[in-house]
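So the chains spell out like this:
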Amino acid sequence: MVSFMGEKIINVDGNEIIISVEGLDDIEIEDIILEDAEDPEGDFVITAKILEVELGEVYPAVVVIEDGMFKEVIPIITDDDDSLDLDYEGVLIPGFIDSHIHIESSKLSPSHFAKAVIPYGTTSVIADSHEIANVLGVEGIDFMIEDGKKVPFDFYYAAPSSVPATPFETSGAILNGDDVAELLKRDEMVALGEMMNFQDVLAEDEEVIKRLDAAKSLGKPIDGHAPSVSGEDLRKYVSWGISTDHECSNFAEAVEKKKAGMKIMVREGSLAKDMDTLFNIDDRLNYLIEEEMAGNIIVDNIDESLTVPPFDFLVCDNIDARDLSKGHLNNLIKKAISLKINPKEAIKMVTLNPAEHYGLNCGAIETGRIANFALVDDLRNLNVSKVWVHGDLVFDEGEVLFEAEEPVAKNSFDLNEVTAEDFDVLMEMDWVNSLMDETTNVYVMEAYDGELLTGKSEETLLIHNKVIQPDLRKDIIKIAVVNRYGGGNISNGFIKGFNLEKGAIASSVAHDSHNIVVAGTNSEDMAYAVNLIRENQGGIAVVSKEDDIEAILELPIAGLMSDKDVDYVASKMNELCDLAKDLGCTLTSPFMTLAFMTLLVIPSFKISDLGMFDFESFGFVDLIKQYLV
């Protein structure tokens, strides 16, 4: 124990030790042995090994906590660490920070999200709530903030910059430049959220520039979203003060953005998994060689240099409850270690690095910082046994020590019942031939397992009774987006990559405007699935009349989140994924893949409630291929 009455004195079970005391550098107290003494000021004191994350050192220390802050961190200098009788075996490390995440993608409310991630050492997130903002506007953001305050967890937010992300879809709300500027003034908002509409940044759109200027005037970082943007366009994009990017799909793209001044978020979520690409050992080696030959760096030891990541943060971006029930940032760190990244450097990417960039007073076990920290067995296995938030123990040996209240649901649905005919793609034909089967060429979306990117192909499909038919033999099924906000519009198209053989799957989670997206083999089941979501005011559904399948995860909060805990949501998602697999679907995360088929700001071919969208031309295209005569 420690006494702080004038002098700094420590007794560790009779061991003779020296304490190097911060602020008393010229004084060494040695060979002092006292009976255990309680701190008369009532401070919370721990003796344990700690990770000093900035220097990457592990050493025993006395950690003093007062009012939720690290009051003092005093290294214990001894020649024999093993002889010390410390309070805990293992290592104390800073609590993890996910610096870019959309909580809504987990299908959990903030309070239930906190309870899900605390056991894995996460104590803070920077959440971009543009999902619920697209549905409910500022009211939705207020819900996220207030629900998060109910639990011991640090929720920081990035003010959504792009609601809606483009003018080519119908959203439930619009945040203009003045709205965003007001949000940025709030203490909870530590950044301007990802600037998704990079086209308008390059065009210097007045409303977009107003948001950028508001963030800069308040000294708050601006997050980026610039897939495949390079060259002069990238330089112009970055010149507006945009400081991060999480959309790098290859090493060269990440390096170009890094050299342009951006900090690179290495994303590993439930769908987009970029770590293998961005931490590729051959690319890292070639990068080091090229940088040294250019005189930009000095490499003393190539093996050691390779263990230092070339990029800045580890983030999830989007992670569903199934994955979250198995781990969070701890799994990202362990994967980085498996890719030959130094464990201390990997931990730094989710602690000190994001804390410094976003101006958070956490991320390190250091005097004057918030006392968010965890006890792990070691820095490789990262088995978490205890977690403290603001100095309070919130997780202990497998048990979360707080409850998440059931959130009050908020929603926004204005949708009439749909019919099977709403999902028929009609082809106007000459009346003489209307009873004969013919063919037409259409553009088809191509979905890829584990990717946000999509492709576009041209396929020949049969026309029967004036309706263009899917072709299950070629894995071409139907996809549609239904406006849920009262407009009544429905757009239809075709997609391949899901391998559905029957039935339909649907979701009211459809980035970023969150209309209802449905994919199916036939119009009847598609209408069935959409109406099931409508009846439940939000959800994810799998149906097949042929197999008598009707299953749904209800999402009563904005059509995006459940009011239940991670175990319930993960169990329901597993059930739905198994049912989708029974219907032939071969995708690893079919519902997350489906949800991103509507994200127009990701290349290259998408669908909104207003039509088929081509990213390259950044505009709508006709579904039916038109030939020049």
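Here the structure is a predicted model, which is why all the values come from computation and not from measurement.

### Let's talk about the overall build of the chain
In terms of helices and strands, the chain carries 18 helices and 33 strands. Here the C-alpha atoms of the chain give a radius of gyration of 27 Å, agreeing with the 25 Å that 2.2 N^0.38 yields for 629 residues. In terms of its C-alpha atoms, the chain occupies a principal-axis envelope of roughly 105 × 55 × 45 Å. Among the 629 residues that make up the chain, the fraction classed as buried is 61%. The contacts of the chain with a sequence gap of at least 6 include a subset with a gap of at least 24, amounting to 68%. For the chain, the accessible surface area stands at approximately 24600 Å², while carbon and sulfur atoms represent 45% of it.

### A look at the layout of surface pockets
In this structure, the largest pocket encloses a volume near 290 Å³. Every residue lining the largest pocket is counted, 17 residues in all, and those nearest its centre are Ser 249, Asp 274, Gly 450, Glu 451 and Leu 452. Partitioning the lining of the largest pocket into residue classes produces seven nonpolar, four polar and six charged.

### Digging into the sheet that holds strand β30 (residues 549-554)
One open sheet accounts for 10 strands, arranged β21-β24-β23-β22-β26-β25-β28-β27-β29-β30; its pairing is mixed. Either end of the sheet is taken by a strand with one partner, and the two such strands are β21 (425-426) and β30. Note: strand β29 (residues 539-544) against β30, six bridges, orientation antiparallel. If you follow Gly 539 over to β30, its bridge partner there is Glu 554. Running at roughly 150 degrees to β30, helix α17 (residues 566-582) makes contact with β27 (504-507), β29 and β30 of the sheet.

### Observations concerning the packing of helix α8 (residues 251-259) against helix α10 (residues 281-293)
Two numbers describe how α8 lies on α10: the axes approach to 11 Å, and their chain directions differ by 40 degrees. Here α8 is positioned oblique relative to α10, judged by the angle of their axes. Along this stretch, α8 crosses α10, giving a crossing that reads as right-handed. Here Phe 251, Val 255 and Lys 259 of α8 come into contact with α10, specifically with Asp 283, Arg 284, Tyr 287 and Glu 291. Among the residues making up the contact of α8 with α10, the classes are represented as three nonpolar, no polar and four charged.

### Notes on helix α16 (residues 523-535)
Its 13 residues give α16 an end-to-end C-alpha distance of 18 Å, which sits within 8% of 18 Å, the value for a rise of 1.5 Å per residue. All of the buried residues in α16 are Ser 523, Asp 525, Met 526, Ala 527, Ala 529, Val 530, Asn 531, Leu 532 and Ile 533. Residues of α16 that are buried in the fold lie against β25 (476-482), β27, β28 (516-520), β29 and β30. Gln 537 lies just past α16 and shows a positive phi near 55 degrees.

### Some points on the pattern of salt bridges
Taken as a whole, this structure holds 34 salt bridges when the rule is applied. Residue Lys 257 pairs with Asp 245 through a salt bridge whose shortest N-O separation is 3.1 Å. Of this pair, Lys 257 sits in helix α8 while Asp 245 sits in strand β14 (residues 242-245), placing them 12 residues apart in sequence. The burial state of Lys 257 is the same as that of Asp 245; both residues are buried. Between Arg 369 and Glu 366 there is a salt bridge; the shortest N-O distance is 3.1 Å. The partly exposed category is assigned to Glu 366, whose relative accessible area is 28%. Sharing partners across several salt bridges, the network here consists of Asp 178, Glu 207, Lys 210 and Arg 211.

### Observations regarding the pairing of strand β31 (residues 605-608)
Here β31 shows no split at all, with Phe 605 and Ile 607 on one side and Lys 606 and Ser 608 on the other all buried. Direction of pairing for β31 relative to strand β32 (residues 611-614): antiparallel, over a ladder of four bridges. Paired with Ser 608 across the bridge in β32 is Gly 611. Linkage of β31 to β32, two consecutive antiparallel strands, is achieved through a turn of two residues.

### Things to note about a negative patch on the surface
Residues Glu 292, Asp 300, Asp 303 and Glu 304 make up a contiguous surface patch of negative charge. Residue placement: Asp 303 occurs in helix α11 (residues 302-306). Residue classification places Asp 303 among the exposed positions, given a relative accessible area of 57%.

### Some thoughts on the nonpolar core
Leu 212, Phe 279 and Leu 314 are the most contacted members of the largest nonpolar core, which has 163 residues in total. Top contributing element to this core by residue count: α17, with eight residues. For Phe 279, the contacting residues outside a window of four places in its chain are Val 266, Arg 284, Pro 309, Pro 310, Phe 311, Leu 314, Ala 336, Leu 339, Ile 341 and Met 349. Among the nonpolar cores identified, the runner-up in size contains 19 residues, and Val 482, Ala 504, Leu 532 and Ile 533 belong to it.

### Section: the environment of Asp 67
Assignment of secondary structure puts Asp 67 in the loop between β6 (57-66) and β7 (69-77). Separated by 24 residues in sequence, Asp 67 and Asp 43 place their C-alpha atoms 8.3 Å apart.

### Structural notes on helix α13 (residues 329-338)
Among all positions in α13, only Leu 329, Asn 330, Leu 332, Ile 333, Ala 336 and Ile 337 are buried. Axial view of α13: buried residues confined to an arc of 160 degrees, hence all on one face. Where α13 is buried, its residues touch β9 (96-101), β10 (122-128), α9 (275-278), β16 (313-315) and α14 (343-348).

### Focus: the packing of aromatic side chains
For the structure shown, the criterion picks out 16 aromatic pairs. Summarising the aromatic geometry, the rings of Phe 70 and Phe 373 are spaced 5.5 Å apart at their centres and angled 50 degrees between planes, so their arrangement reads as tilted. Of this pair, Phe 70 sits in strand β7 while Phe 373 sits in strand β17 (residues 373-376), and the two are 303 residues apart along the sequence. You'll find Phe 70 and Phe 373 in the same group, each marked buried. Here the aromatic rings of Phe 251 and Tyr 287 are separated by 6.0 Å at their centres, their planes lie at 75 degrees, and the arrangement is edge-to-face. Separated by 36 residues along the polypeptide, Phe 251 in helix α8 and Tyr 287 in helix α10 bring together distant segments of the chain. With respect to class, Phe 251 is no different from Tyr 287; both count as buried. Ring pairs connect the aromatic residues Phe 168, Phe 198, Phe 613, Phe 615, Phe 618 and Phe 620, which therefore count as one cluster.

Thresholds, definitions, all that
- Residues numbered from 1 in each chain as written.
- Predicted model: local features only at pLDDT ≥ 70, side-chain atom pairs only at ≥ 80, totals over all residues.
- Heavy atoms only, no water.
- Helix = DSSP H or I, 4+ residues; strand = E, 2+ residues; numbered from the N terminus.
- Rg over C-alpha atoms; globule rule 2.2 N^0.38 Å.
- Buried < 20%, exposed > 50% of the residue type's maximum accessible area, 1.4 Å probe, protein only.
- Contact = heavy atoms within 4.5 Å.
- Areas by Shrake-Rupley, 256 points an atom, 1.4 Å probe, with all protein chains shown as cover.
- 1 Å grid on protein atoms, 1.4 Å probe; cavity = no way out; pocket = protein on both sides within 12 Å on 5 of 7 lines; lining within 4 Å.
- Points joined across faces, edges and corners; volume = space filled by probe spheres on them.
- Nonpolar A, V, L, I, M, F, W, Y, C, P; charged D, E, K, R; others polar.
- Pairing = 2+ DSSP bridges.
- Axes fitted to C-alpha atoms, helices over the stretch in contact; angles between N-to-C directions.
- Parallel < 35°, antiparallel > 145°, perpendicular 65-115°, else oblique.
- Left-handed = near helix turned anticlockwise from the far one by under 90°.
- Expected span 1.5 Å × (residues − 1).
- Salt bridge = Lys/Arg side-chain N within 4 Å of Asp/Glu carboxyl O.
- Patch = residues over 30% accessible without salt bridge, like charges linked within 9 Å, V, L, I, M, F, W, Y side chains within 5 Å.
- Lys, Arg positive; Asp, Glu negative; His and termini not counted.
- Charge placed at Lys NZ, Arg CZ, Asp CG, Glu CD.
- Core = buried A, V, L, I, M, F, W, Y, C linked by side-chain atoms within 4.5 Å.
- Arc of directions from axis to C-beta.
- Phe/Tyr/Trp six-rings, centres within 6.5 Å; stacked < 30°, edge-to-face > 60°.

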